[in-house]
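Breakdown of the fold
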Amino acid sequence: MMIDRTSIPADTKYLTPASIAAIAVVAVALVMLPFVWDNRFYISLINEMLIFGLLAMSLDVLLGYTGLLSFMHNAYLGIGAYVVGLFLIHISPTSIWFAALVGIAATSLIALPVGWVQVRTGGLAFALLTLAFGMMFHTVVWKWYSLTGGDDGLMGVPTPEVHLFGWSLGTTGDPKVMYLTTVVVVGLCYLLTRRIIHSPFGSVLEAIRENEDRAAFVGINVRRYKLYGWMLACMLASIAGALFILYKGYIGPTTMSAFSGAGVLMMVLLGGMGTLWGPLIGAVIFIYISDYISTMTEHWEIYLGLVVILLVLFLPTGFVGIGDHLKRFLKRKG
Amino acid sequence: MGGVSTAIDITLNSLVLGGVFLIVAIGLNIIYGLSRVMNLAHGSLYALGAYSGYTLVSTGLNFFVALLLAPLLVGVAGLLIERTVIAPMRSRSIVYTLILTYGLMFFIDGLIKYTWGNEPRFIDLPAFMRETLPILGTHYPVFRLMTLLITAVVMAGLMLFLSRTKTGMTLRASSTIPEMVSCLGVNMKYVHIGAFVLGSVLAGIAGIIAGPLTTIDPIMGHEMLISSFVVIVIGGLGSLRGAVIAALLIGAVQTLAEFFITDLAMVIVYMLMAIILAIKPRGILGEGKFE
């Protein structure tokens with residue numbers, strides 16, 4: 001990837017036979033799933049889990065690898081989704097790939113100046129700025145009634161056909177087709193991000209996370225790499241946004257609210273930051289639990305807050321870290 | 001209504017709004033300056049102040065008694081929060097503290113919704129405060145003037161406390177060189193507790209005086225949290241003088257923006273914050289303490 005005359009070695013240990021086998025098994029299982037188990041509800045639920053898994057993974061690039069906290073990463077999913085939705089409604093209801101490209105490009109165009117301002121700061125100020133900009137986008141989407149539909153959200157998004165080189169799979173209105181599209185796109189994004197994160201570029205990001213000053217001393221342009229990390233995270237989020245609007249056919253301003261932002265943060269925390277696959281697991285757990293709790297009680301804000309507090313206090317490494325905790329616990333006992 | 005009276009209305013309104021921003025922001029600033037904790041649940045403590053004020057007044061208590069009691073209740077809540085969840089985070093990275101207080105914000109907001117419900121509430125004011133006072137051709141509500149007065153008294157008291165008392169001096173020293181103060185035999189644990197409780201009390205005061213200005217609803221804390229962030233970021237984190245200037249500035253900008261372009265008023269405020277951070281990351285006076 002992009003190397004700045006620094007000679008930081010790539011992490012080559014990530015391609016173990018075990019991890020390749022694990023990825024292959026999960027991929028085959030996910031692709032086969034709708035053919036063996038034809039349950040519309042669960043296929044849809046898993047579809048949503050994968051989309052938010054991609055979003056959580058993109059936040060992990062920022063939080064777990066670069067050490068930058070974004071409170072409202074969902075804003076960039078939202079921007080991507082709105083742009084793709086608007087493109088499909090107003091410009092062309094059939095060009096699915098072109099719409100997705102426009103969504104990614106538009107999100108990048110918006111994220112670039114925002115990132116440019118944000119990387120001038122770090123730590124606390126960075127986090128506060130993500131909140132300020134996120135709230136700003138939320139307000140714009142909420143109040144710009146004529147374009148975004150305001151509080152009602154963007155409705156009547158067409159369901160285009162998923163086609164590749166003249167070969168068509170069906171429309172996104174079909175849950176099975178949408179699910180397979182999501183699996184393929186999220187899978188490719190995961191592999192690509194994994195590759196990027198384990199390249200010298202990824203090592204630079206981790207160096208910045210560990211110690212910004214020292215990274216600067218060895219000649220890394222910290223601001224520039226933070227911006228690259230930010231742009232990567234926002235582009236991945238916009239891909240999740242494109243999938244989201246195709247999957248739901250609707251988006252409202254609540255998807256871009258601070259509350260949803262906390263949800264994404266929780267997915268990363270639940271799964272364990274700095275692992276990429278952890279946040280994917282985190283999204284699965286979070287969506288399953290929230291789907292369950294919301295049917296039980298309307299006061300689930302209390303529980304969400306409580307879970308976040310307990311996680312940070314007692315399990316900061318998340319689900320992925322449970323194994324280590326157990327090992328340490330057993331060692332102490334034995 | 002003439003141009004002069006409108007101008008006076010706008011000026012007074014921005015002072016009142018700026019005053020409320022100031023009390024909330026100073027509380028946030030004291031906590032950050034003394035213990036390096038950015039409390040994202042600060043807006044929820046402010047809402048808690050407003051709701052406890054509402055409950056106290058609606059049980060028939062005098063407004064001024066409630067004005068004293070509600071902040072104390074919020075202070076007790078602050079003490080509990082500091083002891084249970086904030087203190088264990090002392091040695092951890094600021095990212096974890098931010099996420100923890102973010103969770104705390106949802107927790108308190110959830111409890112508020114659980115206790116008081118979603119519908120807006122109004123604090124019943126004493127009769128004389130509901131009248132208006134003629135000032136240079138405009139009729140200005142007495143309550144807003146009282147708010148201004150209370151803000152001034154609180155700020156004056158705080159400034160005297162910080163500059164004239166021994167405790168205040170220790171606090172100021174702790175915000176500059178905590179290691180030195182610790183070496184001189186001051187237990188920093190009590191400084192941290194004191195800062196958090198003082199900040200919570202200030203949030204409570206702001207809550208109850210802002211209650212009658214706006215309606216009391218569960219999201220009032222979110223808006224205030226964002227506004228007070230903007231204030232302390234523009235003023236410089238940990239800088240009290242900067243916060244005063246920034247609060248008045250943001251109060252004026254928000255009042256003007258709401259007067260002319262209602263819907264996107266907040267967008268302008270966020271833009272202002274982003275611009276200041278990009279140009280002067282240590283705030284307008286350059287006194288901020290960024291980690």
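About the cut-offs
- Residues numbered from 1 in each chain as written.
- Chains lettered and ligands numbered in written order.
- Predicted model: local features only at pLDDT ≥ 70, side-chain atom pairs only at ≥ 80, totals over all residues.
- Helix = DSSP H or I, 4+ residues; strand = E, 2+ residues; numbered from the N terminus.
- Rg over C-alpha atoms; globule rule 2.2 N^0.38 Å.
- Buried ≥ 20, exposed ≤ 12 C-beta atoms within 10 Å, placed from the backbone.
- Contact = placed C-beta atoms within 7 Å.
- Nonpolar A, V, L, I, M, F, W, Y, C, P; charged D, E, K, R; others polar.
- Expected span 1.5 Å × (residues − 1).
- Axes fitted to C-alpha atoms, helices over the stretch in contact; angles between N-to-C directions.
- Parallel < 35°, antiparallel > 145°, perpendicular 65-115°, else oblique.
- Pairing = 2+ DSSP bridges.
- pLDDT = per-residue confidence, 0-100.

Attention now moves to the overall build of chain A. When helices and strands are tallied, chain A shows 14 helices and two strands. Relative to a compact globule of 334 residues, whose C-alpha radius of gyration would be 20 Å, chain A shows 20 Å and is just as compact. Here chain A, with 334 residues, has 47% of them falling under the buried criterion. Counted over contacts in chain A with a minimum sequence separation of 6, partners at least 24 positions apart contribute 77%.

Contacts between chain B and chain A engage 35 residues on the former and 32 residues on the latter. For the side of chain B that touches chain A, the secondary structure elements donating two or more residues are helix H4 (94–116), helix H9 (220–235) and helix H11 (265–279) of chain B. Here the element with the most residues in the side of chain B that touches chain A is H4 of chain B; it accounts for 16 residues. Of the residues belonging to the side of chain B that touches chain A, the class tally is 28 nonpolar, three polar and four charged.

A separate point is helix H3 (residues 63–86) of chain B. The terminal C-alpha atoms of H3 of chain B lie 32 Å apart, and with 24 residues this matches the ideal 34 Å at 1.5 Å per residue to within 8%. Considered for burial, the residues of H3 of chain B that qualify are Ala 66, Ala 70, Pro 71, Leu 73, Val 74, Gly 75, Ala 77, Gly 78, Ile 81, Glu 82, Val 85 and Ile 86 of chain B. Summarising the contacts, the buried residues of H3 of chain B are in contact with helix H13 (300–314) of chain A together with helix H2 (42–58), H4 and helix H8 (188–210) of chain B.

Residues and elements named next belong to chain A. With respect to the helices and strands, Ala 99 occurs in helix H4 (residues 96–118). Note on Ala 99: 26 C-beta atoms within 10 Å, which makes it buried. Sequence spacing of Ala 99 and Gly 80 is 19 residues, and the spatial spacing of their C-alpha atoms is 9.9 Å. With sequence-adjacent residues up to four places away left out, Ala 99 is seen in contact with Val 84, Phe 87 and Leu 88.

Moving on: the packing of helix H1 (residues 3–35) of chain B against H8 of chain B. Residues and elements named next belong to chain B. It is the contact of H1 with H8, at a shortest axis distance of 8 Å, that shows an interaxial angle of 170°. In terms of orientation, H1 lies roughly antiparallel with respect to H8. Across from Val 20, Ile 23, Val 24, Ile 26, Gly 27, Leu 28, Ile 30, Ile 31, Leu 34 and Ser 35 in H1, the residues of H8 making contact are Val 191, His 192, Ala 195, Phe 196, Leu 198, Gly 199, Leu 202, Ala 203, Ile 205, Ala 206, Ile 209 and Ala 210. Taken together, the residues of the contact of H1 with H8 sort by class into 18 nonpolar, four polar and no charged.

All names here are of chain A. Even without being a glycine, Leu 276 presents a positive backbone phi close to 65°. Relative to the assigned elements, Leu 276 resides in the loop between helix H11 (258–271) and helix H12 (277–296). Classification of Leu 276 by C-beta neighbours within 10 Å gives buried; the count is 22.

Residue and element names in this part refer to chain A. In the sheet, strand S1 (residues 161–164) pairs with strand S2 (residues 167–171) via four bridges, with the strands oriented antiparallel. Along S2, the bridge assignment pairs Leu 164 with Trp 167. Counting the residues between successive antiparallel strands, the hairpin from S1 to S2 contains two residues, one of them, Phe 165, with a positive phi of roughly 50°.

This next bit is on the pairing of strand S2 (residues 138–141) of chain B. All names here are of chain B. In this sheet, S2 lies alongside strand S1 (residues 132–135) in antiparallel orientation, the contact comprising four bridges. Across the sheet, residue Thr 132 finds its bridge partner in S2, namely Pro 141. Linkage of S1 to S2, two consecutive antiparallel strands, is achieved through a turn of two residues, within which Leu 136 is found at a positive phi near 45°.

Turning to the environment of Thr 147 of chain B, a few remarks are in order. Residue and element names in this part refer to chain B. Turning to its location among the elements, Thr 147 is positioned in helix H5 (residues 142–164). C-alpha separation for the pair Thr 147 and Val 233, spaced 86 residues apart in sequence, amounts to 24 Å. Once residues lying within four places of it in the same chain are set aside, the contact partners of Thr 147 are Val 16, Gly 19, Ile 209 and Leu 213.

What follows covers the confidence of the model for chain A. Of all residues in chain A, 95% have pLDDT values of 70 or greater, and the mean over the chain is 85. The low-confidence segment residues 1–6 of chain A (pLDDT under 50) makes 13 contacts with residues lying over four places distant or belonging to another chain.

For the rest of this paragraph, the subject is the confidence of the model for chain B. Residue and element names in this part refer to chain B. The share of residues in chain B with pLDDT of 70 or more is 97%, and the mean pLDDT across the chain is 85. Mean pLDDT in chain B bottoms out at H11, which sits at 76, and peaks at H2, which reaches 93. We note a pTM of 0.81 for the whole complex and an ipTM of 0.82 for its interfaces.

This brings us to the environment of Gly 283 of chain B. All names here are of chain B. Turning to its location among the elements, Gly 283 is positioned in the segment after H11. By the C-beta count within 10 Å, which is 26 here, Gly 283 ends up buried. Discounting residues that sit within four places of it in the chain, Gly 283 has contacts with Ile 234, Gly 235, Gly 236, Ser 239, Gly 242 and Gly 288.

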